[in-house]
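Given next are the chains, with one letter for each unit.
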Amino acid sequence: MDFMKPETVLNLDNIRQALVRMEDTIVFGLIERSQFYLSPSVYEVDKFSIPDFHGSFLDWALLQMEQTHSQIRRYEAPDETPFFPTKLLKSILPPINYPKVLASYSDEINVNDEIKEFYINQIVPQVSCHSGDQQENLGSVSTSDIESLQAISRRIHFGKFVAEAKYQSNKEMYKKLILAKDVAGIEASITNSAVEQKILERLIEKGESYGTDPSMKFSQNPQSKVKPELIAQLYKDWIIPLTKKVEIDYLLRRLEDED
Ligand SMILES: O=C(O)C(=O)C[C@]1(C(=O)O)C=C[C@@H](O)C=C1
């Protein structure tokens, strides 16, 4: 996919290939996070006293990262969605004029608060290797969390491209569903159970091979660091449903924009 070439961005096969590649980043990210303790101190509000800041250490670290990355144009890219959209800084580099692919309101479709919530409350407790804190690793935990959160956010918000591609391929049907505010109908139209099933099966395979020391590949006792079934379950319960939510939220507003 090339964001300067809209025809490549709205091709559903290309979009799905990009989603498959993102699985690798997410699976590796979770395996990386699994070696660290749960580290509740990272998520506890005002655990550390940080001047002029109210929130968790993770929020503070993520905000610093987003402010720096906004200055190098990260959030101008249509496939990047910030966790703190109101606190970004002006880019030092000159703006890039990306061709318009998504609807004008697409930046307002942002489920990052929900992503952070399920990541902290569902994913971390299930993947981390040990309860409690390990003081010397709190910084590493936060960088690992930021990498996973950004990868998961990018994957879920890619639903905007999926939705736009589907809308373009069947405008008449979507216009009717949108005008009727038929959320169930929109959900049924964007759902492809065979694709979802394939994703879950592939994640089990990826979890098995990426979590295994390659030198132990043929041993009887592969040392998988995150249970592959758990990664598939997280996709089934959270990542795919939130991707669909992004698609539905995007489509429900699609007639605000002229074609
Ligand atoms: O590939 C699609 O068509 C999508 O809409 C993406 C996705 C997913 O999250 O991976 C979501 C809904 C579909 O049921 C299948 C897959």
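Just so we're clear, the structure is a prediction, and the values are computed from it rather than from any experiment. (Residues numbered from 1 in each chain as written. Predicted model: local features only at pLDDT ≥ 70, side-chain atom pairs only at ≥ 80, totals over all residues.)

Secondary structure assignment for the protein yields 10 helices and zero strands. Starting at the N terminus, the α and β elements of the protein follow one another as α-α-α-α-α-α-α-α-α-α. Since a compact globule built from 259 residues should have a radius of gyration of about 18 Å, the 20 Å found for the protein is in line with a globular shape. The dimensions of the protein, computed from C-alpha atoms along their principal axes, are 55 × 50 × 30 Å. If you take every contact in the protein between residues at least 6 apart in sequence, the share linking residues at least 24 apart comes to 73%. (Helix = DSSP H or I, 4+ residues; strand = E, 2+ residues; numbered from the N terminus. Rg over C-alpha atoms; globule rule 2.2 N^0.38 Å. Contact = placed C-beta atoms within 7 Å.)

Moving on: the site of the ligand. Around the ligand there are 13 residues in total, and Thr191, Asn192, Val195, Ile240 and Thr243 lie nearest to it. Sorting the residues of the shell around the ligand by element identifies helix H2 (12-34), helix H9 (193-210) and helix H10 (228-252) as the ones contributing at least two each. If you tally residues by element for the shell around the ligand, the top one is H10, at four residues. Of the residues in the shell around the ligand, the class split is six nonpolar, three polar and four charged. (Near = placed C-beta within 6 Å. Nonpolar A, V, L, I, M, F, W, Y, C, P; charged D, E, K, R; others polar.)

With respect to the helices and strands, Gly185 occurs in helix H8 (residues 183-190). Residues Gly185 and Tyr174 lie 11 residues apart in sequence; the distance between their C-alpha atoms is 9.3 Å.

Let us look at unusual backbone geometry. Here the phi dihedral of Asp46 falls at roughly 55°; this positive angle occurs in a residue that is not glycine. Here Asp46 is to be found in the loop between H2 and helix H3 (57-71). At Asp52, a position not held by glycine, the phi torsion is positive, near 55°. The topology assignment puts Asp52 in the loop between H2 and H3.

Formed by 36 residues in total, the largest nonpolar core has its most connected members in Ile152 and Ile231. Of all the secondary structure elements, the ones that give two or more residues to this core are H2, helix H4 (112-127), helix H5 (138-157), helix H6 (159-169), helix H7 (171-179) and H10. Top element by residues in this core is H10. It accounts for eight residues. Those residues within four positions of Ile231 in sequence are excluded, and the remaining contacts are Val27, Leu30, Leu203, Gly207 and Val226. Among the nonpolar cores identified, the runner-up in size contains eight residues, and Phe36, Val42, Leu58 and Leu62 belong to it. (Core = buried A, V, L, I, M, F, W, Y, C linked by C-beta atoms within 7 Å. Buried ≥ 20, exposed ≤ 12 C-beta atoms within 10 Å, placed from the backbone.)

The next subject is H2. Here H2 spans 33 Å end to end across 23 residues, near enough to the 33 Å set by a 1.5 Å rise per residue. Of all the residues in H2, the buried ones are Ile15, Glu23, Ile26, Val27, Gly29, Leu30, Arg33 and Ser34. Against H4, H5, H6, H9 and H10 lie the buried residues of H2. (Expected span 1.5 Å × (residues − 1).)

With that settled, the discussion passes to the environment of Met1. In this structure, Met1 sits in the segment before helix H1 (6-9). If we skip the residues at most four places from it in the chain, Met1 touches Thr8, Val9, Asn14 and Ala18.

With respect to the helices and strands, the residue Ile146 is situated in helix H5. Along the sequence, Ile146 and Leu62 sit 84 residues apart, while their C-alpha atoms lie 6.4 Å from each other. Discounting residues that sit within four places of it in the chain, Ile146 has contacts with Ala61, Leu62 and Met65.

When the terminal C-alpha atoms of H5 are compared, their 28 Å separation across 20 residues agrees well with the 28 Å that a helix rising 1.5 Å per residue should span. The complete set of buried residues in H5 reads Val141, Ser142, Ser144, Asp145, Ser148, Leu149, Gln150, Ile152, Ser153, Arg155, Ile156 and His157. Those residues of H5 that are buried are in contact with H2, H3, H4, H6 and H10.

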